[in-house]
Amino acid sequence: MKINMNRTEILEMYKDFRVTDVRDGMDWCGYHHYGTMHHSIKPLWRSLKTYAGFARTARYLPFEGPLPKVTGDEYTEWSNWYYGNVCTDKWADDIIPGDFIALDVCGIDVGLLGSNNTLNCVNKGAVGFVLNGGGVRDTDEVILQKIPVFTGHVSQGMDQARIRYLEKDIPVAIGGVAVYPGDLIVADGDGVIVVPQKLIYDVYKYAYKELKNDRIARRALYEAGGRELDDTVRII
């Protein structure tokens, strides 16, 4: 059953939440066992902010071969064929603002994402990326460009002869969690959590209560300790 959702409204609802608030909201809805990706899926860099968006999914598989028996300019020609026919990124053609890219790369040690294609996706409106296993290279530039990537490994290798595109807009498994197209993904320094579409509004209700209570309590501690107030203790 397709659930009617106002994407802009939901992103506004979740914009102040931490991953921990969403985790608490999931618990209040009886989903203690579900949603949190394995702790190996972590931020490439710490931005001190939270990213929330709707899952745009795709799956890749290992490239079975055969490996090319060419080098030099002939390899360049083969590589161009490979990117045009084998390791495509058809999911990137569909990105709309508010998408969180969720790619199942089957744990392969390959730099599927880099400084170029992530920036292209962000320019189209992507808010972040999450992958299982390897999946990101050019990391100095990715960090410089402030691209939010959550993954288990940095991978030097290019795609050719390592990985092939399979399909898009399908359920994928990342970090032990099933991610369906349109699920809400929330990520920060504490990792990544997935909120199924059917729970988005219920989880919001309880996550909001937890965040508000936390801010009230910490604001009192800030004031008692003479700390300067900041946005993390702003009462919402």
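This text gives an overview of the structure that appears in the document. Just so we're clear, the structure is a prediction, and the values are computed from it rather than from any experiment.

### Notes on the side chain of Asp-183
So, point 1. With respect to the element layout, Asp-183 can be found in the loop between β8 (177-179) and β9 (184-188).
So, point 2. One buried charged residue, Asp-183, forms no salt bridge at all, with the nearest opposite charge on Lys-198 at 9.4 Å.

### Some thoughts on empty space enclosed by the protein
So, point 1. If you walk through the whole model with that rule in mind, you get two cavities of 30 Å³ or more.
So, point 2. Taken as a whole, the largest cavity encloses approximately 40 Å³ of empty space.
So, point 3. What lines the largest cavity is simply Pro-43, Trp-45, Arg-46, Ser-47, Leu-48, Lys-49, Tyr-51, Phe-150, Asp-188 and Gly-189.
So, point 4. Taken as a whole, the second largest cavity holds about 30 Å³ of empty space.
So, point 5. As for the second largest cavity, its lining consists of Pro-43, Leu-44, Trp-45, Tyr-51, Pro-148, Val-149 and Phe-150.
So, point 6. Looking at side-chain class alone, the lining of the second largest cavity contains seven nonpolar, no polar and no charged residues.

### Section: the packing of helix α2 (residues 19-28) against helix α6 (residues 200-225)
So, point 1. Following both chains from N to C, one finds α2 and α6 inclined at 125°, their axes separated by 7 Å at the closest point. Taken as axis vectors, α2 and α6 run oblique relative to one another. Between α2 and α6 lies a crossing whose hand is right-handed. Taken together, the residues of α6 that come into contact with α2 (itself represented by Asp-21, Val-22, Asp-24, Gly-25, Met-26 and Trp-28) are Val-203, Tyr-206, Ala-207, Glu-210 and Leu-211.
So, point 2. Taken together, the residues of the contact of α2 with α6 sort by class into seven nonpolar, one polar and three charged.

### Details of the pairing of strand β4 (residues 128-131)
So, point 1. Burial along β4 is two-sided: the face carrying Gly-128 and Val-130 and the face carrying Phe-129 and Leu-131 are both buried.
So, point 2. Across four bridges, the pairing between strand β3 (residues 99-104) and β4 is parallel. Among the inter-strand pairings, Phe-100 is bridged to a residue of β4, identified as Gly-128.
So, point 3. Taken together, β3, helix α4 (residues 115-124) and β4 form a β-α-β motif whose crossover is right-handed.
So, point 4. In this sheet, strand β5 (residues 149-151) lies alongside β4 in parallel orientation, the contact comprising two bridges. Within β5, the residue paired with Val-130 across the bridge is Phe-150.
So, point 5. As for the winding sense of the linkage, the β-α-β connection from β4 through helix α5 (residues 139-144) to β5 is right-handed.

Cut-offs and rules
- Residues numbered from 1 in each chain as written.
- Predicted model: local features only at pLDDT ≥ 70, side-chain atom pairs only at ≥ 80, totals over all residues.
- Heavy atoms only, no water.
- Helix = DSSP H or I, 4+ residues; strand = E, 2+ residues; numbered from the N terminus.
- Buried < 20%, exposed > 50% of the residue type's maximum accessible area, 1.4 Å probe, protein only.
- Lys, Arg positive; Asp, Glu negative; His and termini not counted.
- Salt bridge = Lys/Arg side-chain N within 4 Å of Asp/Glu carboxyl O.
- 1 Å grid on protein atoms, 1.4 Å probe; cavity = no way out; pocket = protein on both sides within 12 Å on 5 of 7 lines; lining within 4 Å.
- Points joined across faces, edges and corners; volume = space filled by probe spheres on them.
- Nonpolar A, V, L, I, M, F, W, Y, C, P; charged D, E, K, R; others polar.
- Axes fitted to C-alpha atoms, helices over the stretch in contact; angles between N-to-C directions.
- Parallel < 35°, antiparallel > 145°, perpendicular 65-115°, else oblique.
- Left-handed = near helix turned anticlockwise from the far one by under 90°.
- Contact = heavy atoms within 4.5 Å.
- Pairing = 2+ DSSP bridges.
- Right-handed = clockwise from strand over helix to strand, strands pointing away.

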